[in-house]
Amino acid sequence: MKTEKTKIVEHSHLVGDYRLLVLDAPEISAQAVPGQFVHVRIPQLEESALRRPFSLYKAENSTISILYKVVGRGTAALATAAEGSELDVMGPFGNGFPIPGSEVTPLLVAGGYGVAPLYLMATRCLKKGVLFVGGATAEDILCIDEFEKLGWDVRVATMDGTLGSQGLVTDVLDEWLTENSARNDYSPAGHEIFACGPDGMLKALGDRAIAGEFKGWLSLDKHMGCGVGACLACVQKLQNVGGDEYWGRVCKDGPVFESREIVWESSE
Amino acid sequence: MKTEKTKIVEHSHLVGDYRLLVLDAPEISAQAVPGQFVHVRIPQLEESALRRPFSLYKAENSTISILYKVVGRGTAALATAAEGSELDVMGPFGNGFPIPGSEVTPLLVAGGYGVAPLYLMATRCLKKGVLFVGGATAEDILCIDEFEKLGWDVRVATMDGTLGSQGLVTDVLDEWLTENSARNDYSPAGHEIFACGPDGMLKALGDRAIAGEFKGWLSLDKHMGCGVGACLACVQKLQNVGGDEYWGRVCKDGPVFESREIVWESSE
Amino acid sequence: MNDETKKSDLPIDVPVDLSVNIAGLEMKNPVMVASGTFGYGSEYAEQMDIDRLGAIVVKGICMDAWDGNKPSRMVEVPGGLVNAIGLQGPGVAGFDEKYMPFLRQHDVPVIVNIWGRSLEEYGEVAAAFEDVEGVSGLELNISCPNVKEGGIAFGTNPTMTADVVAHVRKNTTLPLIVKLSPNVPNIAEFAKIAEAEGSDALSLINTLPAMVIDVETRKPVLSNVIGGLSGSAIHPVAVKLVWEAAKAVKIPVIGMGGIMRAEDAIEFMIAGAAAVAVGTANFIDPVASLNVIDGIAAYMKRHGMSSVSELTGSLEL
Amino acid sequence: MNDETKKSDLPIDVPVDLSVNIAGLEMKNPVMVASGTFGYGSEYAEQMDIDRLGAIVVKGICMDAWDGNKPSRMVEVPGGLVNAIGLQGPGVAGFDEKYMPFLRQHDVPVIVNIWGRSLEEYGEVAAAFEDVEGVSGLELNISCPNVKEGGIAFGTNPTMTADVVAHVRKNTTLPLIVKLSPNVPNIAEFAKIAEAEGSDALSLINTLPAMVIDVETRKPVLSNVIGGLSGSAIHPVAVKLVWEAAKAVKIPVIGMGGIMRAEDAIEFMIAGAAAVAVGTANFIDPVASLNVIDGIAAYMKRHGMSSVSELTGSLEL
Ligand SMILES: Cc1cc2nc3c(=O)[nH]c(=O)nc-3n(C[C@H](O)[C@H](O)[C@H](O)COP(=O)(O)OP(=O)(O)OC[C@H]3O[C@@H](n4cnc5c(N)ncnc54)[C@H](O)[C@@H]3O)c2cc1C
Ligand SMILES: Cc1cc2nc3c(=O)[nH]c(=O)nc-3n(C[C@H](O)[C@H](O)[C@H](O)COP(=O)(O)OP(=O)(O)OC[C@H]3O[C@@H](n4cnc5c(N)ncnc54)[C@H](O)[C@@H]3O)c2cc1C
Ligand SMILES: Cc1cc2nc3c(=O)[nH]c(=O)nc-3n(C[C@H](O)[C@H](O)[C@H](O)COP(=O)(O)O)c2cc1C
Ligand SMILES: Cc1cc2nc3c(=O)[nH]c(=O)nc-3n(C[C@H](O)[C@H](O)[C@H](O)COP(=O)(O)O)c2cc1C
Ligand code: FES
Ligand code: FES
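Being a predicted model, the structure only gives us computed values, none of them experimental. For every chain, the first residue of its written sequence is number 1, and the numbers climb from 1 along that sequence. For this description, chains carry letters from A and ligands carry numbers from 1, given in the order in which they are written. Where totals are concerned, whole chains, interfaces and linings use all residues; where local detail is concerned, this predicted model gives features only for residues with pLDDT of at least 70, and gives and counts side-chain atom pairs only at 80 or more. Heavy atoms from the whole structure form the basis of all side-chain values; hydrogens and water molecules are not counted.

A. Spotlight on the overall build of chain C. Secondary structure counts use DSSP, requiring at least four H or I residues in a row for a helix and at least two E residues in a row for a strand, with both numbered from the N terminus. Broken down by element type, chain C carries 12 helices and 16 strands. Atoms counted for the radius of gyration: C-alpha only. Globule rule: 2.2 Å times residue count to the power 0.38. On C-alpha atoms alone, chain C measures out to a radius of gyration of 19 Å, which is about the 20 Å that the 2.2 N^0.38 rule sets for 317 residues. Principal-axis analysis of the C-alpha atoms gives chain C an extent of 55 × 50 × 40 Å. Every residue pair with non-hydrogen atoms within 4.5 Å of one another is taken to be in contact. Here the contacts in chain C between residues at least 6 apart in sequence split such that 71% fall between residues at least 24 apart. Surface summary for chain C: the accessible area is close to 10,100 Å², and the carbon and sulfur share equals 50%. Note on charges: Lys and Arg go in the positive column, Asp and Glu in the negative column, and His and the chain ends are not counted at all. A single reference atom marks each charge: NZ on Lys, CZ on Arg, CG on Asp, CD on Glu. Computed over 23 positive and 39 negative side-chain charges, the separation of the two mean positions in chain C equals 5 Å. Using a 1.4 Å probe, accessible areas were evaluated by the Shrake-Rupley method; residue-level cover was limited to the displayed protein chains.

What follows is the structure, encoded as structure tokens:
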């Protein structure tokens, strides 16, 4: 049984619309893989309201942490949940990021709350790498000090230039890629991208991974129903190695897919 | 405009399932008549939930008080409203009890939370009278000390005999009526009944008022929609002086009716 | 789902024109209150400024006074309520005597919702309103689930719908709005019939037939056994039907069903409604309809629209 | 509304028999999971003990693999959700290969929900399941609002309903459950047609046709424009239809629509359902169906019932 009645250990405001939720959830904590998510029942909403998915940000000492942004009625209601109260959480769900071998430099690329699963990823990587993180403004750049504490190289981009360089996170990544591919011993197999953020960013990263012939692991964010693969609400067009296209379930077959699997549709 | 955004000044547990709610509501407080009610939007319920009606228990110093029993999802949700938070209240609504002249001995008869409007009534009566109060058990007998402090004669009946005499409140009333009608100067016009409680009790009181040829003012409790007379949900079969029967609205035409107006239907 | 750009790119201070003309009836704005949820207007007059409304549709009226159903008549359910009032009303004469004097003092169009138990009675009621001063239009209720005869039976049978609309049309010179029944597989068919038989506008939806059982007593909660579901619960169903009806006809469509806030009303208008009516929400918040008016105006400003008619049918497929 | 007496007066420790026989199919209890809300069973097997269910109805299947609609396919609304999955599925062969091996290992009847784009295809799919080992019954979906052809068109036309049921009946020896369309004015008519043409049981209701518009973009939220409303919002509508259908026929009726807790299921049974199916609630709480089973047993004990069949049709009017 993967449903756990957890207790809210900590629930605090981070910055702007971002909040931190720490739950006492020994079973989920023990199984957690970076890139997996939990499916949370929001106690303040009516009985018929759907659960909401959130990536695992931390999993340690029998607890799990979630880093979330208040964007709609579900997250607004969640924000009122009191410390000490109970939260009904399912998970961990989905296929997370594959942990790369020690010969690979992991390039983590995050947009907004996308840093959450990447932080768990950073704690599990055998080799320290680079975090590229982007957002609209300084407030959207979260927990970079935590990555630095782990010894990671952090590179920031904001659209308004209030933190790091001004522009897209992909610009900063491109710089790094150009620098590196100019090296003598350069091999595309030497790095892999692990990314979480908006679709536009993920698509741009996927294009680079395919063009540069390295792996790009992208974690998709789709509205979900069941979270377990039963309802077929969260689908993404994918292709198998033979090139056949099909709808994959982000909750069960993902949320992490390799760039080459994903078929981006213009209308989306 | 009769809708008032009030502030919860006090919200406390009384006994058993009963709770006290005090609201800062200067406009409603100023207009309050005993027997009137307020129509409360329960903030914890979903947007489409109907309001819930509650009698005015007290109205003093710009505040109003409600004494309520937790019986269903609305009152259960109301019980979680925090002191200091806002409550959307409409009212005061309905026709209250007519305040009798000083020549009349008011006989107040209450079942359960029916004491609430009768307490406000007691504070407004020109002549002190008798409160007859009944309930299933001692826990259902509320605020009798408050009536005593006002100098009222209080007579209690509980079904299980845990407080006052064992039996129905009408038994205790019957005793009083027998005693009094035996008096030399007895006149049925010398007393009037003012009652609030379950339909069975009200009907029994109405029967006595009609048989004894004195007035019996009964406050009905019907499930309500709008509370203002628009939806026709809260109807009670009534008759006019000519004997024509019609559906009256408890919210607008009542909730207080004289015994002779009410046509009790067996099926209800 | 790209609200951000829309919000900031557009001019903020365009003047907005909310007025609409429905079936020849000039309204200050497209927001009416739905029949049966606003009494006869006076009940809410102390709670809000009724003159701000686009129109008031009063509770269903037939020729003579009618008792309606026995209680209980209403029960709350998730997302709304189920009612079986059963069209209690004062009849044409009683309405004229008791309620019209108040309404005539107000500057708001009055639309009377009418019903009958037979074709003839529908015609009679319509004709009787020719002589009632101050009535701006008739809404023909052929979709009430709560009366044994008449009501919904007329609204779910194409031939009966055609007959009753044609017959009422012959008996009235007032603007005629036909209120369609929601539980038919093809609403467009009924919309076209009503239009062809002379209806000036359509309104939809009425409540959805529903039932609630008390599991402890194993009895229906409503004395009438069956009632009509209204409120948020029916909103997405109503939007679908309004969209289909509006596509099928040229006459204006009045959208209703679960409007709780301005966004719900705007959805109806985007789907093709020229006006809307607020129903159940009145019970919960007496100023709900006024909030809808204000919300539509704010939305129009935000989206750079000058006339509310730009909203009607603006759905992009 | 006198629950108190009932609660205390009755024996507490009567043994309860939850088993039912629906269309020749023996079930441990009357609680199934509804098509499209439980995948093919395996998806929920880690969340709960699927062998405790009365039956599993798998997601709608047609002859060949089918892609379904483009996203977005689901949107939350007050009291439920609107979906337009569009019957994505692996086809008969794909289902047999990918999902039946798992299901055959379990001790729970498997009912397959089938659909087609033509009369012939309905027959073909039904016939194809004659050769699939481990299938206990077929549920004929003639009421899906989310596919352009087939689906709901069959379920809202009496002649087409008669034809498709008769045709499928000829092509299958399995117990046949016909899933009726809710948006018809007279469900009894369709119930009787299905019975007359050889259906062994009826199930209802499917989702109500609905639509949601994003007011900021003025586009439909669902790529299919129209979807189906499910969840609490439709429960009182479903109870009414189940009551009417059950009165009209002798074959058992399976009630569904907005079952969130045991009381909702009990309402269906009191109204006349011999079994029930939990749908949307599975998404919200994977053990919702198990809670319903336990809740029915507790209710029966409290009310001194020994067999769950006593509940069916126990409505007192
Ligand atoms: C695998 C996964 C991991 C995630 N991890 C995190 C995380 O770590 N932190 C975090 O903050 N968030 C995370 N999210 C996103 C999070 O689940 C959503 O922000 C949350 O569900 C929003 O709920 P809400 O009720 O507040 O917003 P809602 O009111 O549901 O809507 C939010 C926004 O989505 C739009 N929307 C609603 N329904 C649809 C639909 N059907 N199709 C398209 N758009 C729609 C709305 O218009 C609105 O703009 C994750 C999502 C996924 C799928
Ligand atoms: C004028 C007036 C004054 C009142 N004053 C007070 C007061 O001072 N204090 C106080 O505690 N209460 C008072 N009440 C009662 C109070 O309004 C109800 O107890 C409250 O609305 C219950 O809400 P709930 O959501 O908790 O219960 P609900 O869940 O709504 O239901 C409570 C009970 O009512 C039954 N019920 C629900 N709907 C119906 C229906 N349509 N028909 C019949 N039965 C139904 C339920 O089965 C349940 O047993 C008053 C009522 C009226 C009309
Ligand atoms: C209590 C009540 C009474 C109603 N009475 C009538 C009526 O007399 N005539 C009519 O055509 N519709 C009547 N309706 C239907 C409403 O006018 C409206 O069509 C329906 O409630 C849907 O809107 P809503 O969801 O906003 O309430 C009534 C609805 C309710 C809730
Ligand atoms: C996401 C989703 C998918 C569905 N897919 C099917 C389907 O494939 N075939 C079918 O007959 N019904 C399908 N249904 C309808 C359900 O089986 C059920 O009839 C309906 O949802 C009402 O029950 P509920 O309110 O408990 O969900 C689906 C419902 C949902 C919510
Ligand atoms: S959310 Fe249900 S299949 Fe992914
Ligand atoms: S509650 Fe609406 S008329 Fe009384």
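B. Up close: the interface of chain B and chain C. Counting residues at the interface gives 28 residues for chain B, matched by 31 residues for chain C. Any Lys or Arg side-chain nitrogen found within 4 Å of a carboxyl oxygen on Asp or Glu counts as a salt bridge. Between chain B and chain C we count 6 salt bridges in total. A salt bridge links Arg261 of chain C to Glu47 of chain B, with the nearest nitrogen and oxygen atoms 2.8 Å apart. Breaking the side of chain B that touches chain C down by element, the ones donating at least two residues are strand E7 (86-93) and strand E15 (245-249) of chain B. Just so you know the grouping, Ala, Val, Leu, Ile, Met, Phe, Trp, Tyr, Cys and Pro go in nonpolar, Asp, Glu, Lys and Arg go in charged, and all remaining residues, Gly too, go in polar. A per-class count over the side of chain B that touches chain C returns 13 nonpolar, 5 polar and 10 charged.

C. Up close: the relation of the copies chain D and chain C. Under the fitted operation, chain D is carried onto chain C by 0.0 Å of movement along the axis and a turn of 180 degrees, and the coordinates agree to an RMSD of 0.0 Å. Both chain copies can therefore be described as sitting about a two-fold axis. Take the interface residues of chain D: 100% of them recur as interface residues in chain C, which is what a same-surface contact looks like. A least-squares fit on C-alpha atoms brings the copies together, and the residues used are those whose pLDDT is at least 70 in both copies.

D. Spatial organisation of the layout of surface pockets. For cavity detection a 1 Å grid was placed over the protein atoms alone, and a set of points counts as a cavity when a 1.4 Å probe fits there but cannot get out; an open set counts as a pocket when protein lies on both sides within 12 Å along at least five of seven lines, with lining residues being those that have an atom within 4 Å of a point. Grid points are joined across faces, edges and corners, and a volume is the space filled by probe spheres set on the points. The volume enclosed by the second largest pocket comes to roughly 540 Å³. Trp247 of chain B together with Gln88, Pro90, Lys98 and Tyr99 of chain C are, among the 23 residues lining the second largest pocket, the residues nearest its centre. Per element, the largest residue contribution to the lining of the second largest pocket is 4 residues, and it comes from E15 of chain B. In the lining of the second largest pocket, the residues fall into 9 nonpolar, 7 polar and 7 charged.

E. A look at the packing of aromatic side chains. Two rings belonging to Phe, Tyr or Trp (six-membered ring only in the last case) form a pair when the distance between their centres is within 6.5 Å. Interplanar angles under 30 degrees mark stacking, angles over 60 mark edge-to-face geometry, and anything in between is tilted. According to the stated counting rule, one finds 26 aromatic pairs over all chains in the structure shown. With a centroid separation of 6.0 Å and 70 degrees between ring planes, the pair formed by Phe37 of chain A and Phe93 of chain A is classed as edge-to-face. Remark: Phe93 of chain A occurs in strand E7 (residues 86-93) and Phe37 of chain A occurs in strand E3 (residues 37-41); sequence separation between them is 56 residues. Across the pair, Phe93 of chain A and Phe37 of chain A agree in class, each one buried. Aromatic side chains Phe97 of chain A and Phe194 of chain A sit 5.8 Å apart centroid to centroid with 80 degrees between the ring planes, which places their arrangement in the edge-to-face category. In this pair, Phe97 of chain A is assigned in the loop between E7 and strand E8 (105-111) and Phe194 of chain A in strand E12 (residues 191-196), connecting sequence segments 97 residues apart. Assigned by exposure class, Phe97 of chain A and Phe194 of chain A land together as buried. Of the aromatic side chains, those joined through ring pairs into one cluster are Tyr40, Phe95, Tyr99 and Phe129 of chain C. Lying over the aromatic face of Trp247 of chain B, Lys237 of chain B brings its terminal NZ or CZ to 4.6 Å of the ring centre. Each ring is checked for a lysine NZ or an arginine CZ that lies within 6 Å of its centre and within 35 degrees of its normal; such an atom marks a charge sitting over the ring. Across from the ring centre of Trp243 of chain D, 3.6 Å away, lies the NZ or CZ of Lys247 of chain D, which sits over that ring. Each residue gets one of three labels from its accessible area relative to the maximum for its type: buried under 20%, exposed over 50%, partly exposed in between, using a 1.4 Å probe on protein chains only.

F. Structural detail: the interface of chain D and chain C. Contact residues are listed per partner, giving 47 residues for chain D and 47 residues for chain C. The term buried area means the drop in 1.4 Å probe accessible area that two parts suffer when joined, counted for both and summed. Summing the contributions of chain D and of chain C, the shared interface buries around 4,300 Å²; its carbon and sulfur component is 67%. Looking at the side of chain D facing chain C, the largest losses of area belong to Met211, Glu216 and Arg218 of chain D, adding up to 18% of the total buried there. For the pair chain D and chain C, the interface holds 2 salt bridges. Broken down by secondary-structure element, the contributors of at least two residues to the side of chain D that touches chain C are helix H1 (3-9), strand E11 (208-211), strand E12 (213-214), strand E13 (219-220), strand E14 (226-230), helix H9 (235-248), helix H10 (262-271) and helix H12 (288-302) of chain D. Residues of the side of chain D that touches chain C, tallied by class, amount to 29 nonpolar, 7 polar and 11 charged.

G. Inspection of the site of ligand 1 at higher detail. It suffices for a single heavy atom of a residue to lie within 4 Å of a molecule or strand for the residue to be listed as near it. Inspection of the region around ligand 1 gives 22 residues, with Arg52, Pro53, Lys69, Gly74 and Thr75 of chain A positioned closest. The environment around ligand 1 is built from residues contributed by chains A, C and D. Two N or O atoms count as a polar contact when they lie within 3.5 Å, although within protein this holds only if one can serve as hydrogen donor and the other as acceptor, and sequence-adjacent residues are included solely when both atoms are side-chain atoms. Between an oxygen atom of ligand 1 and a main-chain N or O atom of Gly72 of chain A, the distance comes to 3.0 Å. Measuring from a nitrogen atom of ligand 1, one finds a side-chain N or O atom of His223 of chain A at 3.1 Å. Protein coverage of the free-state accessible area of ligand 1, which is 980 Å², stands at 81%. Sorting the residues of the shell around ligand 1 by element identifies strand E4 (52-55), strand E6 (63-69) and helix H2 (73-78) of chain A as the ones contributing at least two each. Residue classes in the shell around ligand 1 are distributed as 11 nonpolar, 6 polar and 5 charged.

H. Representation of the sheet that holds strand E11 (residues 165-166) of chain A in the model. Residues and elements named next belong to chain A. Pairing between strands is defined by DSSP: at least two bridges between them are needed. With mixed pairing, the 7 strands of this open sheet are ordered in space as E11-E10-E9-E8-E12-E13-E16. This sheet does not close on itself; its edge strands, each paired only once, are E11 and strand E16 (256-258). When strand E9 (residues 130-135) meets strand E10 (residues 153-158), the two strands line up parallel, connected through 6 bridges. Within E10, the position partnered with Gly134 by the bridge is Ala157. Docked against the sheet, helix H3 (residues 115-124) engages E8, E9 and E12, running at close to 160 degrees with respect to E8. Simply put, an axis is a line fit to the C-alpha atoms, just over the touching stretch for a helix, and the angle between two N-to-C directions goes from 0 to 180 degrees.

I. Expanded view of the pattern of salt bridges. Tallied over the full model, the rule gives 48 salt bridges over all chains. Linking Lys203 of chain B and Asp207 of chain B is a salt bridge whose minimum nitrogen-to-oxygen distance equals 3.4 Å. Placement of both Lys203 of chain B and Asp207 of chain B in helix H6 (residues 199-212) is noted, with a separation of 4 residues, approximately one turn of the helix. Here Lys203 of chain B falls in the partly exposed class, since its relative accessible area comes to 34%. If you follow the salt bridges from partner to partner, you end up with Glu46, Arg52 and Arg73 of chain A together with Glu76 of chain D in one network.

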